[in-house]
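Residue strings, one per chain:
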Amino acid sequence: DRSFRSLKEIFAVYSGDKTGLFKDLLGSSDPYVRRIAIKNIGDERLMDLADDLLPMMDTEDPNLRGDLIRTFGQLRFVRAGERISDFIHNPDWTIRNAAVRALAAIDARQYLPSLIQGLKDKEWWVRYNSAKELRDHIPADELQAMIPGLQDRFAAEILRYALEEKRLMEKGGSDL
């Protein structure tokens, strides 16, 4: 969307106090402006505003919720982790997908049960991103040892795929 890109460009060249700017924009009556501010808080890694975002998690707007979850992941905001883990069973697969990615960024080992649950998700993207995040944060030998205990053919398959993908990438893709 053109207005989103335009605002991103303005924010990129803005040389003033971005923390103050985005804090003010969070109070905007326009939900679109609030979402752009939230995305920029994550993109700019403005940790000072993380606490201001927590109360917004009560929203019923799935787009806003997804933006918040992604931003908390970008910020690696530990205090949001437990709240985000509650969304691993959300009916909206895009929320579950955002949750597995954010939880891995915050602390993959602490949220290992949620990431394993993501491997068993009915939506392929959630399974794939869970596997990808696990392989990027947990040693391959540990993941390999977990596969028999998953007791889910699709979970095992996607985790094997992610491990093989990483192995091929580390070899420089010569087998691709």
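Residues numbered from 1 in each chain as written. Predicted model: local features only at pLDDT ≥ 70, side-chain atom pairs only at ≥ 80, totals over all residues. Heavy atoms only, no water.

Asks: I keep staring at the overall build of the protein chain and nothing clicks. Help me out?
Replies: Scanning the protein chain from N- to C-terminus turns up eleven helices and zero strands. Start at the N end of the protein chain and walk to the C end: the helices and strands fall as α-α-α-α-α-α-α-α-α-α-α. The principal-axis extents of the C-alpha atoms in the protein chain amount to approximately 50 × 35 × 25 Å. The buried share of the protein chain, taken over its 176 residues, is 47%. Look at the contacts in the protein chain between residues 6 or more apart in sequence, and 60% of them connect residues 24 or more apart. (Helix = DSSP H or I, 4+ residues; strand = E, 2+ residues; numbered from the N terminus. Buried < 20%, exposed > 50% of the residue type's maximum accessible area, 1.4 Å probe, protein only. Contact = heavy atoms within 4.5 Å.)

Asks: Would you mind going over the packing of aromatic side chains with me for this structure?
Replies: Each pair of aromatic rings is reported with the distance of its centres and the angle of its planes. All told, the structure shown has six aromatic pairs when counted by the stated rule. For the ring pair Trp124 and Trp125, a centre distance of 4.9 Å and an interplane angle of 80 degrees mean the geometry is edge-to-face. When its relative accessible area of 38% is taken as the criterion, Trp124 is described as partly exposed. Judged by centre distance (6.4 Å) and plane angle (55 degrees), the ring pair of Tyr128 and Tyr161 falls under tilted. Placement of Tyr128 in helix H9 (residues 124–137) and of Tyr161 in helix H11 (residues 153–170) is noted, with a sequence separation of 33 residues between them. Ring pairs connect the aromatic residues Trp124, Trp125, Tyr128 and Tyr161, which therefore count as one cluster. (Phe/Tyr/Trp six-rings, centres within 6.5 Å; stacked < 30°, edge-to-face > 60°.)

Asks: What exactly am I supposed to notice about the packing of helix H5 (residues 62–75) against helix H7 (residues 93–107) here?
Replies: In helix packing, the relevant descriptors are the interaxial angle and the interaxial distance, both defined with respect to the helix axes. Following both chains from N to C, one finds H5 and H7 inclined at 15 degrees, their axes separated by 8 Å at the closest point. Accordingly, the angle class assigned to the pair H5 and H7 is roughly parallel. Judged by the twist between their axes, the crossing of H5 over H7 is left-handed. Contact residues: Pro62, Arg65, Gly66, Ile69, Arg70, Phe72 and Gly73 in H5; Ile95, Ala98, Ala99, Ala102, Ala105 and Ile106 in H7. Within the contact of H5 with H7, the residues separate by chemical class into nine nonpolar, two polar and two charged. (Axes fitted to C-alpha atoms, helices over the stretch in contact; angles between N-to-C directions. Parallel < 35°, antiparallel > 145°, perpendicular 65-115°, else oblique. Left-handed = near helix turned anticlockwise from the far one by under 90°. Nonpolar A, V, L, I, M, F, W, Y, C, P; charged D, E, K, R; others polar.)

Asks: Help me understand the nonpolar core, please; the structure alone is not making it clear to me.
Replies: Of all hydrophobic cores here, the largest spans 32 residues; its most connected members are Phe22, Ile41, Leu53, Leu68, Ile69, Phe72 and Ile84. Residue contributions to this core peak at six residues, all from H7. Ranked by size, the runner-up nonpolar core spans 23 residues in total, among them Leu119, Val126, Ile138 and Leu143. (Core = buried A, V, L, I, M, F, W, Y, C linked by side-chain atoms within 4.5 Å.)

Asks: Would you explain H9 in this entry?
Replies: Residues spaced three or four apart along an α-helix point in a common direction, a consequence of the helix completing one turn every 3.6 residues. Counted at 1.5 Å a residue, the expected span for H9 with its 14 residues is 20 Å, and the 20 Å between its end C-alpha atoms agrees. Most of H9 is tucked away: ten of the 14 residues are buried. Taken as a whole, H9 has its buried residues at Val126, Arg127, Tyr128, Asn129, Ser130, Ala131, Lys132, Glu133, Leu134 and Arg135. Looking at the buried side of H9, the elements it contacts are H7, helix H8 (112–119), helix H10 (140–150) and H11. (Expected span 1.5 Å × (residues − 1).)

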